[in-house]
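# Analysis of the macromolecular model
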Amino acid sequence: MTRTVYSGDVSEAMPARYSVELRQVVKVYGEGPTAARVLDGVSFGFPRRTFTAVMGPSGSGKSTLLQCAAGLDRPSSGSVSIEGVELTALDEAALTRLRRDRLGFIFQSYNLVSTLTVAQNVTLPMEFASRPIPADAVRDMLARLGLEQYAQARPAALSGGQQQRVAIARALLGTPAVIFADEPTGALDSRAAADVLGLLRDAVDRAGRTIVMVTHDPVAAAVADAVVFFADGRVVEVLPQPTADAVAARMARLAGGFSQRAGVR
Ligand SMILES: Nc1ncnc2c1ncn2[C@@H]1O[C@H](COP(=O)(O)OP(=O)(O)OP(=O)(O)O)[C@@H](O)[C@H]1O
Ligand SMILES: [Mg+2]
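Attention here is on the structure that accompanies the text. (Residues numbered from 1 in each chain as written. Chains lettered and ligands numbered in written order. Predicted model: local features only at pLDDT ≥ 70, side-chain atom pairs only at ≥ 80, totals over all residues.)

## Digging into the sheet that holds strand S7 (residues 178–182)
- Reading across the sheet, the six strands line up as S6-S7-S8-S3-S9-S10 and stay open at both edges, with mixed pairing between neighbours. With partners counted over all chains shown, the strands left at the sheet margins are strand S6 (103–107) and strand S10 (234–240), one partner each. Averaged over all neighbouring strand pairs, the angle between strand axes comes to 20°, with direction disregarded.
- Two elements, S6 and S7, share five bridges in a ladder whose sense is parallel. Note that in S7 the partner of Ile106 across the bridge is Ala181.
- Where helix H1 (residues 62–69) meets the sheet, it contacts strand S3 (51–55), S7, strand S8 (210–214) and strand S9 (226–231), and its direction lies at approximately 150° from that of S8. (Pairing = 2+ DSSP bridges. Helix = DSSP H or I, 4+ residues; strand = E, 2+ residues; numbered from the N terminus. Axes fitted to C-alpha atoms, helices over the stretch in contact; angles between N-to-C directions. Contact = placed C-beta atoms within 7 Å.)

The following block contains the structure:
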């Protein structure tokens, strides 16, 4: 398998090289003296068909980055493109369509609809898109995820790991070009987390998806092709071909930098 070399420098980008591209993305919450600049001019490209982990201290802006990159939130300034489509140029209806047709989302809180069955939950995006529901593909996906006997169950009857797998089935069945995942393994035990990470890895290696995953776990990050370290609303470092040990060491250094600075104040 060839691994894409990261430079992180969007100015070098060839048009088709990056699946998700951010240029000088700024996000400010609030106004006046209490305004918080949560994204501080982020320029970064996520190469096609790669799995990138995003790590950084709590509050550094990782979820905000994901929300802006995925078109769930609008940057205060700067631009984002997905598969060559400039998001800032789209109106709400077009943005919703792009999200529905090209993107998949996996959140720590699963976001399953409690009144629907597992089968209904995973086909909901197709339902919304008025697309035909491929019964065989749904069955296969649930079987691959060890959920075949739960198709008619409600989410409340499933464990956390099983619910997360339902959320993943839902994201993958939509055949998205890009999957954004915010701490998808945060609520899982290590065995369930390994299953979920294996599925995500497969989605890149076999199905050619692009994945951007926020995580706090060095073991999870080591499954990715590269780790982007984020601090104070900026990308501070990129680690290609990560190992769990190398990731943990970088995280410790980042955290050390924070406590030193806090001590000076
Ligand atoms: N809607 C909002 N309104 C105001 N401030 C916000 C909003 N969303 C996030 N913030 C602030 O932006 C900063 C970054 O938040 P964000 O959720 O992106 O961090 P994070 O890196 O994902 O943290 P964690 O690892 O704890 O999930 C925080 O200080 C947070 O309070
Ligand atoms: Mg977060």
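## Brief notes about the site of ligand 1
- Looking at ligand 1, the residues that line it are Tyr29, Ala36, Val38, Gly56, Ser58, Gly59, Ser60, Gly61, Lys62, Ser63 and Thr64.
- Those elements that place two or more of their residues in the shell around ligand 1 are strand S2 (36–47) and H1.
- With three residues, the top contributor of residues to the shell around ligand 1 is H1.
- Tallied by class, residues from the shell around ligand 1 come to three nonpolar, seven polar and one charged. (Near = placed C-beta within 6 Å. Nonpolar A, V, L, I, M, F, W, Y, C, P; charged D, E, K, R; others polar.)

## Details of the packing of helix H5 (residues 160–173) against helix H6 (residues 190–205)
- Between H5 and H6, the least distance of the axes is 10 Å, while the angle of their chain directions is 10°. Judged by the inter-axis angle, H5 sits roughly parallel to H6. On H6, the residues that touch Gly161, Gln164, Arg165, Ile168 and Leu172 of H5 are Ala192, Val196, Leu199 and Ala203.
- Here the residues of the contact of H5 with H6 sort into six nonpolar, two polar and one charged. (Parallel < 35°, antiparallel > 145°, perpendicular 65-115°, else oblique.)

## Some details on the packing of helix H3 (residues 118–128) against H5
- The contact between H3 and H5 brings their axes to 7 Å, and the two run at 35°. At the point where H3 passes H5, the crossing takes the right-handed sense. In this structure, H3 uses Val118, Asn121, Val122, Leu124 and Pro125 to contact H5, whose residues at the interface are Val166, Ala169, Arg170 and Leu173.
- Among the residues making up the contact of H3 with H5, the classes are represented as seven nonpolar, one polar and one charged. (Left-handed = near helix turned anticlockwise from the far one by under 90°.)

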